[in-house]
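Structure assessment
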Amino acid sequence: MAVRITNHLDDGVVARRLTPINWVVCASPAYLARHGVPKHPRDLADHECCHYASLIRQDRWSFIIDEEEYSVPVHARLKVNNSEIIASHALAGRAIAMLPTYLVGDHLRSGELRPLLTEYEPTVNSALYAIYSPTRYLMAKVRCFIDVLSASFADPPYWEAVVSEGI
């Protein structure tokens, strides 16, 4: 059994969704003081951004606007597959980042990072899953562990910050 954050489940596995992984566009107050606050996703083209190389294709961020997907080009000098590096880059005032709320919820609550474009939902969809191989009989201790994990998370998850612009 494994616990995994993903937006795509592999064929041949059985999964139980534990909780959603929500994403937020955010930046430090220092970055926003120097570069201004984007009011619409299209404004991101005028900002330095950083993101996951494996999740973001062709340097475009996508949002849901009026029930339609809206894709905008972003300028990203930093493209990595490590969320802590992206978060530290944003915290240092170097860029706007799109990050999962489990990682930056405390920073949003403390004011170290400010949520941006909160009326637009990022299309990066992922969730936390308990994943196991399909078998005829799931061992009782594995089923019990999955039940405990499922009871430990809620929707929305406990790490969700109250996301409001407040700027």
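Of note, Ser 62 is situated in strand 5 (residues 60–65). There is a polar contact of 3.3 Å between the side chain of Ser 62 and the side chain of Glu 69. In this view, Ser 62 contacts Glu 69, Tyr 70, Ser 71, Glu 121, Pro 122 and Thr 123; residues no more than four positions away in its chain are not counted.

In regular strands, side chains alternate between the two faces of the sheet. Pairing analysis gives six bridges linking strand 5 to strand 6 (residues 68–73), with the strands arranged antiparallel. Residue pairing for strand 6: Ser 62 is matched across the bridge by Ser 71. Where strand 5 hands over to strand 6, the hairpin turn is made up of two residues, of which Asp 66 adopts a positive phi near 50°.

Attention now moves to the pattern of salt bridges. All chains considered together, the criterion is met by five salt bridges. One salt bridge connects Arg 16 with Asp 147, and the closest N-O pair in it is separated by 2.6 Å. You can see Arg 16 sitting in strand 2 (residues 14–21) and its partner Asp 147 sitting in helix 4 (residues 140–152), a full 131 residues away along the chain. Exposure remark for Asp 147: the relative accessible area of 37% places this residue in the partly exposed category. One salt bridge in this structure joins Lys 79 and Asp 59, with 3.0 Å as the shortest N-O distance. Taken together, the positions of Lys 79 in strand 7 (residues 75–80) and Asp 59 in the loop between strand 4 (48–52) and strand 5 put the pair 20 residues apart, joining distant regions of the chain. Of the residues examined, Asp 59 reaches a relative accessible area of 23% and is grouped as partly exposed.

So, about the nonpolar core. Core analysis: the biggest nonpolar cluster contains 43 residues, and Val 25, Leu 44, Trp 61, Phe 63, Ile 96 and Leu 99 have the highest contact counts within it. At five residues, strand 3 (residues 23–27) tops the list of elements feeding residues into this core. Residues contacting Leu 44, with those up to four places away along its chain left out, are Pro 38, Cys 49, Trp 61, Phe 63, Val 72, Pro 73, Val 74, Ile 96 and Leu 117.

On to the sheet that holds strand 3, then. Strand order across the open sheet formed by five strands is 7-4-8-3-9, with mixed pairing between neighbours. Each having just a single partner strand, strand 7 and strand 9 (114–116) make up the two edges of the open sheet. For this sheet, the mean inter-axis angle between neighbouring strands, taken without regard to orientation, is 35°. Relative to strand 8 (residues 96–100), strand 3 runs antiparallel, the two sharing four bridges. Residue pairing across strands places Cys 26 opposite Ala 97, the latter belonging to strand 8.

With that out of the way, let us pick up the side chain of Ser 28. As for its position among the elements, Ser 28 is in the loop between strand 3 and helix 1 (29–35). Residue Ser 28 is classed as buried on the basis of its relative accessible area, which comes to 3%. Not counting residues up to four positions away in its chain, the partners in contact with Ser 28 are Ala 90, Leu 91, Gly 93, Glu 112 and Leu 113.

Here is what the cut-offs are and how they apply
- Residues numbered from 1 in each chain as written.
- Predicted model: local features only at pLDDT ≥ 70, side-chain atom pairs only at ≥ 80, totals over all residues.
- Heavy atoms only, no water.
- Helix = DSSP H or I, 4+ residues; strand = E, 2+ residues; numbered from the N terminus.
- Polar contact = N/O pair within 3.5 Å; in protein donor to acceptor, adjacent residues only side chain to side chain.
- Contact = heavy atoms within 4.5 Å.
- Pairing = 2+ DSSP bridges.
- Salt bridge = Lys/Arg side-chain N within 4 Å of Asp/Glu carboxyl O.
- Buried < 20%, exposed > 50% of the residue type's maximum accessible area, 1.4 Å probe, protein only.
- Core = buried A, V, L, I, M, F, W, Y, C linked by side-chain atoms within 4.5 Å.
- Axes fitted to C-alpha atoms, helices over the stretch in contact; angles between N-to-C directions.

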